[in-house]
Amino acid sequence: MISFALPDIWNYVIQYQGVVEAVIAIVLSVIIAKYLTVLTRRRLHEKVPSHIISNINKLIYYIIILIGIAVAIRLLNIPGVTLTELLVAGGFTAIVIGLAAQQTLSNFFAGILLMTERPFKIGDYINYNNNVGMVIDIGLLSTKVQSWEGYYIRIPNSQLFNSPLINYSNSLVRLVRVQFVIPYEYDLNKVTEALIKELEAQWYVLVEPTPRVFITQFVENGILMEARAWTTGKTWFDLFSNMPRIIEETLKKLGIPYSYPKRIITEDKTLNK
Amino acid sequence: MELGYSIIKERDHFVYQKGEKKIKIPSNLTIKEFPILSINEAVTEYFGIVFEQPIYIGEDHEVKIYVKLPLDIGIYVSDGSNYKLIDVIEIYAKKYALYGTIGEGVIYRYWKTNAFLEQPIVSGNEAITLIEIINKAGSIGSVSRIIFDAKFFSLYTKEGKFYGERIRVTRLQRGLALVRLMNKPTIEGTEIIPTTVSKGIGGQFEMRFGT
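Residues numbered from 1 in each chain as written. Chains lettered and ligands numbered in written order. Predicted model: local features only at pLDDT ≥ 70, side-chain atom pairs only at ≥ 80, totals over all residues. Heavy atoms only, no water.

Re the overall build of chain B
The helix and strand tally for chain B stands at zero helices and 17 strands. Over its C-alpha trace chain B gives a radius of gyration of 19 Å, about what one expects of a compact globule, namely 17 Å for 211 residues. Considered along the principal axes of its C-alpha atoms, chain B spans approximately 70 × 40 × 30 Å. Across the 211 residues in chain B, those meeting the buried criterion constitute 50%. If you take every contact in chain B between residues at least 6 apart in sequence, the share linking residues at least 24 apart comes to 69%. Of the roughly 10900 Å² of accessible surface on chain B, 48% is carried by carbon and sulfur atoms. Charge separation in chain B, taken as the distance between the mean sites of 27 positive and 25 negative side-chain charges, equals 2 Å. (Helix = DSSP H or I, 4+ residues; strand = E, 2+ residues; numbered from the N terminus. Rg over C-alpha atoms; globule rule 2.2 N^0.38 Å. Buried < 20%, exposed > 50% of the residue type's maximum accessible area, 1.4 Å probe, protein only. Contact = heavy atoms within 4.5 Å. Areas by Shrake-Rupley, 256 points an atom, 1.4 Å probe, with all protein chains shown as cover. Lys, Arg positive; Asp, Glu negative; His and termini not counted. Charge placed at Lys NZ, Arg CZ, Asp CG, Glu CD.)

Structure, rendered in structure tokens:
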């Protein structure tokens, strides 16, 4: 008769009870953290922008894991290590980390403030320190912008929060101004009327406030004029990119040439005699 | 009228095609046309009726007028009870304007029209809407435009003609009026266009930058 001496697993369990409990605590904390992040994402899906949900989830995840680790350490019942000592050590570590990672923490809090104040959102075009581009991610520490040329710019949140920033996408309406010169001998009223008519014909030019064309200055090669038209914040680029062409085509239709600077030089032939 | 689109049946689906635009539609859905008071949702959701001449109204008086509204053709896919707009065939060119200030105003689709004391004669691409203007501002005032949220505006049909929802404008103070969509057709005995059944609470707009 063959008999097997099976190891008494329960003895191991009893012997390493603390370790087993600590592992269970960490596994449970991971499961709870995962569950809570999924729950948060589903609950907030239609109410809160996705980048904010993603950052909230990161916070929830790490807090739950930290709690799990604290509970695990407590369950390990390491001789000489009490909860009070753990808290004191944790506090001291926090001070050291806080001092060492001052800049990181400043970016972290700036990130939270950017998410609550929301000076821009993902998809907005911003200009920070002449870095112009579209916001593609707002993280807890930094914001990523894709420039018009296609490269990525990572800007620390504290810099974005503490410096002037232009958000091109936040405007309800925007004004586009283009200056041009017409020679002195041409009829200004005809130019004004024709240009206003052309601008009004564009769907993205607002009817109110009305487009305007007026003289700004008399310059050496003609009359400096300015055309102004309003458009919505979303159609700004349509107007910005088309307005010079509209002006050029209208002037061409009216037979008005480009006004070059002119110099008239006369020779005094009497001087050679 | 040539609408410039085609529907081609392929193995297990339809293909809606207009110019370069192609949309695949499962064969269990149908494609239908309905009139629509369209706006460009990327730009705004508001529609503004601007009167050719302002309408003056005395203290505590009420005026009823009719206006014509432009109807484009909406192309919808439907499962029998739900409708999803997939394209708009534009009959009318759209223009937009700003109501209010640059910081706090709204953009609206600009539609200039005459006001009529009786139902006007309309074409197949126009709807008639009744507007009731009530003046509770305590002085003579004028109304030159009214703005409302187009997504709550219902359209109705009767004997081949289209009608809009009744609109009530209450002038509350100088420079302040309330525009309400009344959820009632302009005339009785009409049938609602199913795609314009209002699915939310709304249809009230406060005009606080003057009328």
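Okay, back to it.
A short note on the interface of chain B and chain A
Interfaces are often sized by the amount of accessible area the parts lose when they come together. Each partner contributes residues to the interface: chain B has 16 residues there, and chain A has 15 residues. Interface area lost by chain B to chain A is led by Lys95, Tyr96 and Ile102 of chain B, which between them contribute 40%. Scanning the region where chain B abuts chain A turns up one salt bridge. For Arg145 of chain B, the salt bridge is made with Glu208 of chain A, and the minimal N-O distance between the two is 2.6 Å. (Buried area = accessible area lost by both parts, 1.4 Å probe. Salt bridge = Lys/Arg side-chain N within 4 Å of Asp/Glu carboxyl O.)

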